[in-house]
Amino acid sequence: MSPRAGTFCWRLLVALLYAFLLAPLAVVLVVSFDTRPYLSFPPATVSLHSYAAVLRNPAFRHAGLTSLTVGAAAASLSLVLGTAAAFALARGTFRGRAYVQWLFLSPMLVPHIVLAVGLMMTLQPLGLLDTLGGLVLAHIGITVPYTTRIVSSSLAALDRSCEEAARLHGATPWQTFARVILPGLRPGLVAAGLIAFLFSFDESVIALFIAGNDATTLPLAIYQYIQFRTDPQVAALSVLVVALTMIPVAIVERGISLRRAVGG
Amino acid sequence: MNDHATTPPRWLQAALLAPGLAALLITFVLPVAWLARVSLLPQAVSLLPQAGPSVPATGLSAGAYARVLGDPFYWWIIGRTLGIGVVTACLAVPMAFPIALFLARSTSAWRGVLVVLAIAPLMTSTVIRTYGWMVILGRHGIINSLLLQTGLLAMPIRLDNGLFATVVALVEILMPYAVISILSTLGRVNVELEQAAALLGARLPQIVLRIILPLALPGLLTAALLVFVLAISSLVTPQLMGGGRVFVLATEIFNATTVTLDWPFAGALSVVLLILFGLVISLYQRVLARMEAQA
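Note that the structure is predicted; figures quoted are calculated from it, not measured. (Residues numbered from 1 in each chain as written. Chains lettered and ligands numbered in written order. Predicted model: local features only at pLDDT ≥ 70, side-chain atom pairs only at ≥ 80, totals over all residues.)

## Here's the deal with the overall build of chain B
When helices and strands are counted, chain B shows 13 helices and zero strands. Order of helices (α) and strands (β) in chain B, N terminus to C terminus: α-α-α-α-α-α-α-α-α-α-α-α-α. In terms of overall dimensions, chain B is more spread out than a globule: its C-alpha atoms have a radius of gyration of 24 Å, far above the 19 Å expected for 295 residues. Dimensions of chain B along its principal axes, counting C-alpha atoms only, are 80 × 75 × 35 Å. The buried share of chain B, reckoned over its 295 residues, is 40%. (Helix = DSSP H or I, 4+ residues; strand = E, 2+ residues; numbered from the N terminus. Rg over C-alpha atoms; globule rule 2.2 N^0.38 Å. Buried ≥ 20, exposed ≤ 12 C-beta atoms within 10 Å, placed from the backbone.)

Quick look at the structure:
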């Protein structure tokens, strides 16, 4: 085989693998423009009818509101808790620090389905099943390891001599934190908060166990819908959900590269 | 000495840690401990409100475990769960490797976009991607329509609702994890070695097989582990793609918690899954340590 044919085959292989990886999302996008009440391919029409139907659907609107509320609450609380813990772990000098550090990362090692069963059994006696509070609590649990880890690594990358210089020049610990540490941490904090929000927003297994009637999130609403029906409405909803998750990512990406461009 | 100036006082360290520890206690330590406790309850009690007032849950019994391990059906389920995990990992890792290698060595202006395209599926819900596969493999889905239109088929065939569909969807859903994990290892493999081999006359397949693959082996192993553990604990994909006919540990756990309301049984199945997790992770660490010792 000539080198050119080899390169061609190699690129074809990569392209085919990409096609496989992106197939389900591409297909959902195409189907969302169909109007027939059953699932079929290719679409007979190109219309935004399904999108209008989704936006009018009270169940989907309620789920959207629930998902946004739970995601925002879980992400901001998880960010605060994770940042505080990252500080204590990075700058603290207490005994057993390695164990505490391990404890903060250990939820990542437990499968979500096991956590889900445990959470269901724990939240039930507390009366938190199928409530916003229960969902927020559960999503804090699965996101705190990630916020702690991301903020920890940005803290480790900070130059401590800047803090020492600030202190030597008479800044109070609080001033040092607000004026020196916090600005340096900002990219890490934004990334951690965004990851926590997306994890909460896309999470389906735990929600399946601890919610479903009243406090229904978007993945849960889609799950319940496609168990019985597969019409284009749910495709349109899926496209909207994917778009909603991509917008913050794109904004943050742009913000960071913009700052890089300005910073030279 | 200098560190002292930037070390927070003891009380502040405690105050900073306390809320996070409390959250972990309520959302992680307590649920896992309570799950283990419930799995050791004697009778099949459900603590769900619709099953009547809470049954006083006392006593200690290995009854739920005996029911799991004494029933050949559940051994079959455990075997099938592990089988799906192995097959998914064996397909996803070799399929992710070319993408990761391409991205690691690409100098194209589109590289950033291609990296995002490979990883973006991670940021979309498993439910949505599973739905996409339902559209592709469904009775009136793309594959059937194509085969019917080209005259290769007279009647639509059943591609959805089964093991095949579940594994196809799992491979696609878990591939991005493998891409990330392999990509980070390939970044550490020295490009100069490949260039040296190329100068000495090695062709691309030889370079991949003799240089890149051996050096990237720890990363491939990590990718396989990641895909495997995510596959054996996945619920949504087997539940939706399997059409109620693919039984794995996760679907049985879901069934016991929400349908038959047999909580000790659900607890015992969860503990079995957790033990499988622990065994596989320790096996992985042992293999990795041996590979490092050999290197």
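Read on for the rest.
## A word on the overall build of chain A
Helices and strands together make up the secondary structure of chain A, namely eleven helices and zero strands. In chain A, the succession of helices and strands from N to C terminus is α-α-α-α-α-α-α-α-α-α-α. The C-alpha radius of gyration of chain A comes to 23 Å, more than 25% above the 18 Å expected for a compact globule of 264 residues. Along the first, second and third principal axes, the C-alpha atoms of chain A reach 70 × 65 × 35 Å. The buried share of chain A, reckoned over its 264 residues, is 45%.

## Considerations on unusual backbone geometry
If a residue is not glycine, its phi is most likely negative; likewise, a peptide bond is most likely trans. For D130 of chain A, which is not glycine, the phi torsion reads 60° and is therefore positive. Relative to the helices and strands, D130 of chain A is located in the loop between α5 (112–123) and α6 (132–157). Here the phi dihedral of L261 of chain B falls at roughly 55°; this positive angle occurs in a residue that is not glycine. Relative to the assigned elements, L261 of chain B resides in the loop between α12 (249–258) and α13 (263–294).

## Describing the interface of chain B and chain A
Taken together, the contacts link 65 residues of chain B with 71 residues of chain A. Split into classes, the residues belonging to the side of chain B that touches chain A amount to 45 nonpolar, 18 polar and two charged. (Contact = placed C-beta atoms within 7 Å. Nonpolar A, V, L, I, M, F, W, Y, C, P; charged D, E, K, R; others polar.)

## Overview of the UniProt feature "transmembrane region" (unreviewed entry) in chain A
All names here are of chain A. Taking the numbering used here, the UniProt-annotated feature "transmembrane region" (unreviewed entry) corresponds to residues 12–33, 68–90, 102–121 and 232–252. Helix makes up 100% of residues 68–90 and strand 0%, with an end-to-end C-alpha separation of 32 Å. Secondary structure across residues 232–252 divides into 100% helix and 0% strand, with the first and last C-alpha atoms of the span separated by 31 Å. (UniProt positions renumbered as here; feature names shortened; annotations may be inferred.)

## Considering the UniProt feature "transmembrane region" (unreviewed entry) in chain B
Sites flagged by UniProt as "transmembrane region" (unreviewed entry) map to residues 12–36, 82–103, 109–128, 163–186, 207–232 and 263–284 of chain B. Across residues 109–128 of chain B, helical content stands at 60% and strand content at 0%; the span's end C-alpha atoms are separated by 30 Å.

## Side note on the UniProt feature "domain: ABC transmembrane type-1" (unreviewed entry) in chain A
The positions that UniProt labels "domain: ABC transmembrane type-1" (unreviewed entry) are, in the present scheme, residues 64–252 of chain A. Helix makes up 79% of residues 64–252 of chain A and strand 0%, and the two end C-alpha atoms of the span are 22 Å apart.

## Looking at the confidence of the model for chain A
On average, residues of chain A score 87 in pLDDT, and 92% of them reach the 70 mark or higher. Highest mean pLDDT in chain A belongs to helix α3 (residues 58–91) of chain A (94); lowest belongs to helix α11 (residues 232–263) of chain A (74). (pLDDT = per-residue confidence, 0-100.)

## Observations concerning the environment of R245 of chain B
Locating R245 of chain B in the fold gives a position in the loop between α11 (236–241) and α12. The spatial distance from the C-alpha of R245 of chain B to the C-alpha of W110 of chain B is 43 Å, given a sequence separation of 135 residues.

## Looking at the packing of α3 of chain A against helix α10 (residues 218–226) of chain A
Their axes nearest at 8 Å, the elements α3 of chain A and α10 of chain A cross at an angle of 145°. Residues A59, F60, A63, G64 and S67 of chain A of α3 of chain A lie in contact with α10 of chain A, whose contacting residues are L218, L220 and A221 of chain A. (Axes fitted to C-alpha atoms, helices over the stretch in contact; angles between N-to-C directions.)

## Remarks on the nonpolar core
Core analysis: the largest hydrophobic core is formed by 156 residues, its most contacted members being I210 of chain A together with V227 of chain B. Considering each element in turn, this core owes the most residues, 15 residues, to helix α8 (residues 163–186) of chain B. Each residue touching V227 of chain B, except ones within four places of it in the same chain, is listed here: T88, A89, A92, V93, L174, Y177 and A178 of chain B. (Core = buried A, V, L, I, M, F, W, Y, C linked by C-beta atoms within 7 Å.)

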